[in-house]
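What the coordinates show
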Amino acid sequence: MKLKNQIVFISGANSGIGQACAEQFAEKGAKLILCSRNIDKLIKVAEKINKKYDTEILTYQLDVRDRKKVSIVINELPKKWQKISVLVNNAGGALGFDKFQDGSLDDWDEMIDSNIKGLLYLSKAIVPLMISNSKGHVVNIGSIAGVAAYPKGAVYCGVKAAAKAISDGLRMDTVDTPVRVTNVQPGLVETNFSVVRFHGDKKKADNVYKGLKALTADDIADIVLYSVQAPDHVQICEVTVTPASQASGTVVHRK
Ligand code: 8X3
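Thresholds applied
- Residues numbered from 1 in each chain as written.
- Predicted model: local features only at pLDDT ≥ 70, side-chain atom pairs only at ≥ 80, totals over all residues.
- Heavy atoms only, no water.
- Helix = DSSP H or I, 4+ residues; strand = E, 2+ residues; numbered from the N terminus.
- Contact = heavy atoms within 4.5 Å.
- Polar contact = N/O pair within 3.5 Å; in protein donor to acceptor, adjacent residues only side chain to side chain.
- Phe/Tyr/Trp six-rings, centres within 6.5 Å; stacked < 30°, edge-to-face > 60°.
- Expected span 1.5 Å × (residues − 1).
- Buried < 20%, exposed > 50% of the residue type's maximum accessible area, 1.4 Å probe, protein only.
- Arc of directions from axis to C-beta.
- Near = heavy atom within 4 Å.
- Nonpolar A, V, L, I, M, F, W, Y, C, P; charged D, E, K, R; others polar.
- 1 Å grid on protein atoms, 1.4 Å probe; cavity = no way out; pocket = protein on both sides within 12 Å on 5 of 7 lines; lining within 4 Å.
- Points joined across faces, edges and corners; volume = space filled by probe spheres on them.
- Pairing = 2+ DSSP bridges.
- Axes fitted to C-alpha atoms, helices over the stretch in contact; angles between N-to-C directions.

Let us look at the environment of S167. Here S167 shows up in helix α5 (residues 154-173). Here the alpha-carbon distance between S167 and N75, two residues 92 residues apart in the chain, equals 23 Å. With residues up to four places along the chain from it excluded, the contact list for S167 reads N140, V181 and N183. Of the polar contacts made by the side chain of S167, one reaches the side chain of N140; its length is 2.9 Å.

A separate point is the packing of aromatic side chains. Within the structure shown, the criterion is met by 3 aromatic pairs. Their ring planes at 40° and their centres at 4.8 Å tell us that F100 and W108 sit as a pair that is tilted.

Attention now moves to helix α2 (residues 39-53). Over its 15 residues, α2 extends 21 Å from the first C-alpha to the last, a length consistent with the 21 Å expected when each residue adds 1.5 Å. Listing the buried residues of α2 in full gives I39, L42, V45, A46 and I49. The buried residues of α2 occupy one face: seen down the axis, they fall within an arc of 120°. Opposite the buried face of α2, by more than 90 degrees, sit the exposed residues D40, K44, E47, K51 and K52. At the N-terminal end of α2, a side-chain oxygen is found 3.2 Å from the backbone nitrogen of D40, two or three residues along, and the residue is N38. The positive-phi residue at the C-terminal boundary of α2 is D54, with phi of around 55°.

This brings us to the site of the ligand. In the vicinity of the ligand, the contacting residues are S143, I144, A145, Y150, Y156, P186, G187, F193 and R197. In the model, an oxygen atom of the ligand is placed 2.6 Å from a nitrogen or oxygen of the Y156 side chain. Split into classes, the residues belonging to the shell around the ligand amount to 6 nonpolar, 2 polar and 1 charged.

A few words now on the side chain of S123. Along the chain, S123 falls in helix α4 (residues 105-132). The exposure class of S123 is buried, given its relative accessible area of 8%. Reaching out from S123, the side chain makes a polar contact with the backbone oxygen of L119 at a distance of 2.6 Å. Discounting chain neighbours no more than four positions away, the residues touching S123 are L87, N89, P128 and V138.

Quick look at empty space enclosed by the protein now. Enumeration according to the criterion identifies 1 cavity of 30 Å³ or more in this entry. Approximately 60 Å³ is the volume found for the largest cavity. Around the largest cavity, the lining residues are S11, N89, A91, S114, N115, G118, L119, I141, K160 and A163. Taken together, the elements giving at least two residues each to the lining of the largest cavity come down to α4 and α5.

Phi is positive for D54, which is not a glycine, with a value near 55°. Inspection of the secondary structure assignment puts D54 in the loop between α2 and β3 (57-61). D54 gets classed as exposed once you look at its relative accessible area, which sits at 67%.

Moving on, we come to the sheet that holds strand β6 (residues 179-186). The strands that make up a sheet pair up through hydrogen bonds in the backbone, lying either parallel or antiparallel. As summarised here, the arrangement of the 7 strands in space is β3-β2-β1-β4-β5-β6-β7, forming an open sheet in which the pairing is parallel. Because the sheet does not close on itself, it has two edges, and the strands there are β3 and β7 (238-241). Recorded for the sheet is a direction-independent mean angle of 15° between the axes of neighbouring strands. Pairing of strand β2 (residues 31-36) with β3, which is carried by 5 bridges, proceeds in the parallel orientation. Its bridge partner lying in β3, L34 is registered against T59.

In structure tokens:
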């Protein structure tokens, strides 16, 4: 897909992988609809991108767990913004790193609601627009956690396994339409992911990336853009990507 003037919707765009995707799509001349829970940060990100690339951007304060608000935002988009060509389901993440028996039900509810329901609500609202516009690409930000479970990650691994299964099912159900579906499954990416996972404990978060060269948000955005810009007859179904010194969710070489 050529990205000039295409409309790209990105959830969780106020930082990390979502923000990197927003910047890279803007660089290619796409128009952006950005949403996140933290609107102040999102507006700053949008202003920075707009200044650099002179791109048209709509911003929405949106908690993707709120199905009513998701449908209101999408249904009430100005007409010319309804032709969304690309949806990047990036909102979500991990909360807690505990043995199953010690896990927090609040963390579990939030992970299930944002990673699974949020992805479903946005896709359900936007995919029909893509089908009627005869153009579309859904990119889900999954995780290596969805490829195989690891200790103290049962629920996070479960929600990312769901992202993979939903991506596969959606790809099947839209096979007779121009909509393509890609699930990107990163390993260790250094963003605020681990700070959130450890409920703000920066020291614990830093340890996750100690002794290795982690992936960056831009590395993941590169893959998202590569998948979307592939020729129309090419569908990259899934990409698993790790730092060179990571071989699985649990096998990591640290210096
Ligand atoms: C983030 C990567 O390795 O913490 O999804 O599961 S990992």
